[in-house]
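# Architecture and fold: a report
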Amino acid sequence: MTSPACTDSRTDCQLSSPASPPCPAGQYVATVVEQEQMARNTYRLRIHCPEMARRIVPGQFFMIRPAKGTDPLLGRPFALFDTYDDEQGRPAGFDFGYVTIGKLTSLMPNWKVGDEVTLWGPLGNGFPVVPKGTKHLMFVAGGIGQTPFLAMTREALGLRQYGSPTRPSETRPQKVSLCYGARSAEYLAGLNDFAIDGLDLQVATDDGSRGHHGYVTDLLKQALTSDCPPDLIYCCGPEPMMHAVQKIAAAANVSCWLSLETPMACGIGICFSCVAKIQQDDGSWDYRRTCLEGPVFPAAKIVF
Ligand SMILES: Cc1cc2nc3c(=O)[nH]c(=O)nc-3n(C[C@H](O)[C@H](O)[C@H](O)COP(=O)(O)OP(=O)(O)OC[C@H]3O[C@@H](n4cnc5c(N)ncnc54)[C@H](O)[C@@H]3O)c2cc1C
Ligand code: FES
């Protein structure tokens, strides 16, 4: 079906701060164009919104709420899964994956094609562009924390470009891998999407129902002792898992970035509900707003 273009209800950017990326965020009323179940309690929503699709980069997020009604009043943050194109090859919209947890995510499976949503974004900094000379880029994901890594994989392998202007992606690591852990096989979402030539996908489940029987961090430890160990790690998932990855990466002296999923109320730096403890240059820590200065931080700077 053809959806109307989403409408920008904001005239100027509210995100201008030295810590934030160039300021392309907007607020839009957009339309649901597809919804499918990906795994147990896990769904993918496709939203028609060319403006967002043109601008968003891997690791950035947006806030979303129903366009009508006041309950829930606050939007909720979700990461980009990937963008998609129209028949002319222009960015038309984006997909995101979500797991049902509470108030809004429990309502979302009822959203139908044509329903209107209010969005604001793209928000946050996104994952860094892969630095030149990277040999093995490894993504470590736990649960729904896999969602930022589809777009990041495609960018790292040179399969798709993101952002406006498109951000550089001239460096191809020799190896790109994803270690993806979940409670059990029924919670593994998007394995078909991650079946990409050039991506080494390894899976772990807590109960051994698929892949390695144990934690995803076991796979990371194994990789670090292999012939081609990761020299750059991007990670997203539950906090205990990210804390463990932080320690493993530090012990191996490997550069590591974590994408935090702190609860957020506004997404644009006003409410301070999203703060995380971040180490300062003098060794002390201070609270930083994850929505503005994150959600992606150098692992070594995060104080858990
Ligand atoms: C930058 C960012 C990106 C995210 N990307 C995704 C994504 O791609 N897919 C996805 O499924 N989820 C993602 N999340 C988490 C998602 O925002 C929450 O699951 C969602 O807000 C829950 O909304 P709700 O109304 O269903 O739950 P609520 O009714 O608001 O809350 C239910 C319970 O969950 C807790 N909760 C709320 N938010 C979080 C959170 N972020 N972490 C831990 N506990 C929380 C509440 O404290 C409460 O106990 C992301 C979060 C952030 C900050
Ligand atoms: S969510 Fe409001 S300041 Fe970050």
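Small disclaimer: the values here were computed from a predicted structure and weren't measured.

What counts and what doesn't
- The residue count restarts for each chain, going from 1 along the sequence in the order it is written.
- As they are written, the chains are lettered A onward and the ligands numbered 1 onward, keeping that order.
- Reporting of local features is limited, given that this is a predicted model, to residues whose pLDDT is at least 70; pairs of side-chain atoms are given and counted only at 80 or more, and all residues count toward the totals for whole chains, interfaces and linings.
- The helix and strand labels rest on DSSP assignments: H or I over at least four residues marks a helix, E over at least two residues marks a strand, and numbering proceeds from the N terminus.
- Working definition of burial: number of other C-beta atoms within 10 Å of the residue's own, with buried at 20 or more, exposed at 12 or fewer, and partly exposed in between, all C-beta atoms being placed from the backbone.
- Placing C-beta atoms from the backbone, we regard two residues as in contact once those atoms come within 7 Å.
- It is the directions from the helix axis to the C-beta atoms whose arc is reported.
- Strands are treated as partners if at least two bridges between them are detected by DSSP.
- All residues are tested the same way: a C-beta atom is placed from the backbone, and lying within 6 Å of a molecule or strand makes the residue near it.
- Ten residue types, Ala, Val, Leu, Ile, Met, Phe, Trp, Tyr, Cys and Pro, are classed as nonpolar, four, Asp, Glu, Lys and Arg, as charged, and the remainder, Gly among them, as polar.
- For each domain, the first and last residues come from an automatic or database assignment.
- What makes a nonpolar core is a set of buried Ala, Val, Leu, Ile, Met, Phe, Trp, Tyr and Cys residues, with links drawn between C-beta atoms within 7 Å.
- Residue-level confidence of the predictor, termed pLDDT, takes values from 0 up to 100.
- Orientation is described by lines fitted to C-alpha atoms, with helices fitted over the stretch in contact, and by angles between N-to-C directions that extend from 0 to 180 degrees.

## Quick notes on the overall build of the protein chain
For the protein chain, the count of helices and strands is 6 helices and 17 strands. Projected onto its principal axes, the C-alpha coordinates of the protein chain cover approximately 50 × 45 × 40 Å. In the protein chain, which comprises 304 residues, the proportion classed as buried is 44%. Contacts in the protein chain between residues at least 24 apart in sequence constitute 64% of all its contacts with a sequence separation of at least 6.

## Here's the deal with helix H4 (residues 216-224)
Looking only at H4, the buried set comprises Val-216, Thr-217, Leu-219, Leu-220 and Ala-223. One side of H4 holds all its buried residues, which, seen down the axis, span an arc of 150°. Turning to H4, the residues buried within the fold contact strand E9 (136-142), strand E10 (175-182), strand E11 (199-205), strand E12 (212-213) and helix H5 (239-252).

## Topic: the pairing of strand E2 (residues 26-39)
With 6 bridges connecting them, E2 and strand E8 (residues 116-123) associate as antiparallel partners. Looking across to E8, one finds that Tyr-28 is bridged to Leu-119. If you look at the hairpin formed by E2 and strand E3 (residues 42-48), you'll find 2 residues sitting between the two strands, and Asn-41 has a positive phi there, around 60°.

## Some points on the site of ligand 1
Taken together, 22 residues sit near ligand 1, with Arg-76, Gly-102, Lys-103, Leu-104 and Thr-105 positioned nearest. Of all elements in the fold, only strand E5 (76-79), strand E7 (91-99) and helix H2 (103-107) reach the threshold of two or more residues within the shell around ligand 1. Looking at the shell around ligand 1 residue by residue, the class counts come to 13 nonpolar, 6 polar and 3 charged. Split by domain, the residues of the shell around ligand 1 number at least three in each of domain 1 (7-123) and domain 2 (136-301).

## Concerning the nonpolar core
Phe-62, Leu-119, Val-140, Cys-179, Ile-233, Cys-235 and Val-245 are the most contacted members of the largest nonpolar core, which totals 77 residues. If you count residues domain by domain, this core takes at least three from each of domain 1 (7-123) and domain 2 (136-301). Among residues more than four places away in sequence, those in contact with Phe-62 are Met-52, Phe-78, Leu-119, Trp-120, Gly-121, Pro-122 and Leu-123.

## Some thoughts on the domain arrangement of the protein chain
By the assigned domains, the protein chain splits into domain 1 (7-123) and domain 2 (136-301). Each of domain 1 and domain 2 has a C-alpha centre, and these two points are 21 Å apart. Taken together, the 32 residues of domain 1 in the interface contact 29 residues of domain 2. The set of elements that each furnish at least two residues to the side of domain 1 that touches domain 2 consists of E2, helix H1 (50-55), strand E4 (61-66), E5, strand E6 (82-85), E7 and E8. When residues in the side of domain 1 that touches domain 2 are grouped by element, the largest group, 4 residues, is from E7. Split into classes, the residues belonging to the side of domain 1 that touches domain 2 amount to 20 nonpolar, 8 polar and 4 charged.

## Considerations on the confidence of the model for the protein chain
Scored by pLDDT, the protein chain comes out at a mean of 92, with 92% of its residues at no less than 70. Note on residues 8-23: pLDDT under 50 across the span, and 22 contacts to partners over four residues away in sequence or across chains.

## Points about the sheet that holds strand E17 (residues 296-298)
Ordered by their spatial adjacency, 7 strands build an open sheet running E12-E11-E10-E9-E13-E14-E17, and the pairing between neighbours is mixed. In this open sheet, the two edge strands, each paired with only one partner strand, are E12 and E17. As paired strands, strand E14 (residues 255-259) and E17 are joined by 3 bridges and run antiparallel to one another. Looking across to E17, one finds that Trp-257 is bridged to Pro-298. Sheet contacts for H5: E9, strand E13 (232-236) and E14; angle to E14, the most-contacted strand, approximately 170°.

## Some points on unusual backbone geometry
With an omega of 5°, the peptide bond running from Asp-71 to Pro-72 counts as cis. With respect to the secondary-structure elements, Pro-72 resides in the loop between E4 and E5. Backbone torsion omega between Ser-164 and Pro-165 reads 0°, so that peptide bond is classified as cis. With respect to the helices, strands and loops of the structure, Pro-165 is situated in the loop between helix H3 (149-156) and E10.

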